[in-house]
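# Inside the fold
So you can see what is in the structure, the chains are spelled out below.
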Amino acid sequence: MGHEEEMSDLAVPGKEVSAPTSSLRNQILASLSATVGGVGAGLALGYTSPAGPELQRSALQLGTSQVSLVGAAVPLGALLGALVCGWAMDRFGRRDTMAAVSVPAIAGWLLVAFAGTLGQLLAGRLLTGLAAGGATVAAPTYVGEVSEPRVRGALGAGFQLLLTFGIFLSYLIGKYATWSHLALASAALPVLWLLLALWTRRSPVWLLEKNREDEARRALVWLRGRRADVSDELRSLTEQVREAHKRRVTFRDLVSRENRRQFALSLMLMLLQQLSGINAVLFYTTGIFQDAGSSVAPELATIVVGLVIVLSTLVSVVLVDRLGRKVLLLASDALMAVCLLALGVFFHLKGSGSADSLGWLPLASLMLYVFAFSIGFGPIPWLMMSELFAPEVKSVASGIAVCFNYSLAFLVTLTFAPLVTALTQAGAFWLFAGVCLLGVAYTAIACYETKGKTLQEIQQHFRDKEAVET
């Protein structure tokens, strides 16, 4: 996400020049080869939910705070992975970076599977998190650069969809496998990703950045099909790569009058996304149902929740260009607030012994919560990050936004258990609900609707707004 949006812009010619005879087959295959990395990221994110309670009963005998640390290690590793991946993509290319990122993922899962100490477990989780962060940056960047405008949206959404599928897969396998066997099964995915990454072609945009025009042409011919005339597209990409090199900027430009509103909006959307409590819910889904004493088996409940995440992400892909970003964000935060309030009420009543007949409420609330998150505040902050920034500041701005997001994810995951201890589970969920209600107000007042607008129109809106106030 730090670089993918910038590169996506480079891949979109000012004039659509893709030949009508181009083939989609190899573009789809290349995109799938990259987005398989999303499944691995989802497996890493979802692992703690089924494995956490078992780790407490295992020979490792982890305490609640230690399980929280195991969960928080992934977003911490992802923060580091995102930072390193931006540099690696520019130096070694998108394809080779994806292949390289799969190696620490394999090593990390093996470390987790055979961990005999907390230190080994944390080291493995950090490595899988590093790979997840790298995949989150490299795979969408690659997809944006190899796909034509007519399919870029659908193929670009594939990464988020496969990430949610990875979370679901972790829940499903975790119902039948031990924590170590789940890690071993998860190690197979980065092996597959490594093979697919080595099979696919390099990004033509990166090849042009390295002045390897003949290779870029061959890559485009493979992607578009032998019958497609890629001359105009190659010429357009070459010109845009040259222009991008002239417009490289620094952090200081982000706080200039032309960019500060977009930068602040992007960071606020990331803040509201993470402080909605999503990572706490995903990492501790099984524990929430166990503590609730729900009549539904906790392992089955988490599988259902994971399936809802996948299906609702599909819904978001369909609705985001029909209803608009702002409408979905408002609906998402409002519904999440209601669900979190309901969860808080359940745990409050449970504390007084009055919730015996409400065993269905945690499952219903969590299902609606993850549905609401997945149609709005799950994908849209990332989407709007690619729309809000001008091309010349997008790399720097997106990199900071991604690091900010992962930092918040780490803090929320690490502090959820202590928060529950201090406020009770009811208090913790009510706190997250309060943040969601604040998010409704902020979105209604400050969020700009980008649906149907070109990047130039979006930038002109913020320039006009700044000019009026000055």
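That block above? That's the structure.
Residues numbered from 1 in each chain as written. Predicted model: local features only at pLDDT ≥ 70, side-chain atom pairs only at ≥ 80, totals over all residues. Heavy atoms only, no water.

## Considering the overall build of the protein
- For the protein, the helix and strand inventory stands at 21 helices and 0 strands.
- For the protein, buried positions account for 57% of its 470 residues.
- The contacts in the protein between residues at least 6 apart in sequence include a share of 83% that link residues at least 24 apart.
- Carbon together with sulfur atoms contributes 64% to the accessible area of the protein, which is approximately 18,700 Å² in total. (Helix = DSSP H or I, 4+ residues; strand = E, 2+ residues; numbered from the N terminus. Buried < 20%, exposed > 50% of the residue type's maximum accessible area, 1.4 Å probe, protein only. Contact = heavy atoms within 4.5 Å. Areas by Shrake-Rupley, 256 points an atom, 1.4 Å probe, with all protein chains shown as cover.)

## A few points about the nonpolar core
- Judged by nonpolar contacts, the single largest core of 116 residues is most densely connected at Tyr47, Met98, Leu121, Leu340, Tyr369 and Met384.
- It is helix H20 (residues 391-446) that provides the largest number of residues to this core, a total of 15 residues.
- Listed in part, the 11 residues of the second largest apolar core include Trp206, Ala216, Ala219 and Val230. (Core = buried A, V, L, I, M, F, W, Y, C linked by side-chain atoms within 4.5 Å.)

## What to know about the side chain of Asp333
- Structurally, Asp333 is set in helix H17 (residues 325-351).
- Here Asp333 occupies a buried position and makes no salt bridge, while the nearest side chain of opposite charge, Lys326, is found at 13 Å.
- Ignoring any residue separated from it by four or fewer positions in sequence, one finds Asp333 in contact with Phe377, Cys436, Gly439 and Val440. (Lys, Arg positive; Asp, Glu negative; His and termini not counted. Salt bridge = Lys/Arg side-chain N within 4 Å of Asp/Glu carboxyl O.)

## Section: unusual backbone geometry
- In this structure, Asn211 is a non-glycine residue whose phi angle is positive, near 60°.
- Relative to the elements of secondary structure, Asn211 occurs in the loop between helix H10 (204-209) and helix H11 (213-224).
- For Thr424, which is not glycine, the phi torsion reads 75° and is therefore positive.
- Its location among the elements puts Thr424 in helix H20.
- A residue is classified by how much of its surface remains accessible, and Thr424, at 45% relative accessible area, is partly exposed.

## Brief notes about the packing of aromatic side chains
- The full count for this structure, using the stated rule, is 8 aromatic pairs.
- Ring geometry for Tyr47 against Trp109: centres 5.5 Å apart, planes inclined by 65°, an arrangement best described as edge-to-face. One end of the pair, Tyr47, is in the loop between helix H2 (25-46) and helix H3 (48-57); the other, Trp109, is in helix H5 (residues 94-113), with 62 residues separating them in the sequence. There is no split in this pair, since Tyr47 and Trp109 are both buried.
- Feature note: the residues Phe346, Phe347, Phe416, Phe429 and Phe432 constitute an aromatic cluster, connected by ring pairs.
- Directly above the aromatic system of Tyr176 lies the positively charged group of Lys175, at a separation of 5.6 Å from the ring centroid. (Phe/Tyr/Trp six-rings, centres within 6.5 Å; stacked < 30°, edge-to-face > 60°. Lys NZ or Arg CZ within 6 Å of the ring centre and 35° of its normal.)

## Focus on the packing of H5 against helix H9 (residues 179-199)
- At a closest axis distance of 8 Å, the pairing of H5 and H9 adopts a crossing angle of 165°. Viewed along their axes, H5 and H9 adopt a mutual orientation that is roughly antiparallel. Relative to H9, H5 is oriented so that their crossing is left-handed. In this structure, H5 uses Arg95, Met98, Ala99, Val101, Ser102, Ala105, Ile106, Trp109, Leu110, Val112 and Ala113 to contact H9, whose residues at the interface are Trp179, Ser180, Ala183, Leu184, Ser186, Ala187, Pro190, Val191, Trp193, Leu194, Ala197 and Leu198.
- In terms of residue class, the contact of H5 with H9 is made up of 19 nonpolar, 3 polar and 1 charged. (Axes fitted to C-alpha atoms, helices over the stretch in contact; angles between N-to-C directions. Parallel < 35°, antiparallel > 145°, perpendicular 65-115°, else oblique. Left-handed = near helix turned anticlockwise from the far one by under 90°. Nonpolar A, V, L, I, M, F, W, Y, C, P; charged D, E, K, R; others polar.)

## Overview of the environment of Val191
- Take Val191: it is sitting in helix H9.
- Residue classification places Val191 among the partly exposed residues on the basis of a relative accessible area of 36%.
- A C-alpha to C-alpha distance of 8.0 Å links Val191 and Val103, two positions 88 residues apart in sequence.

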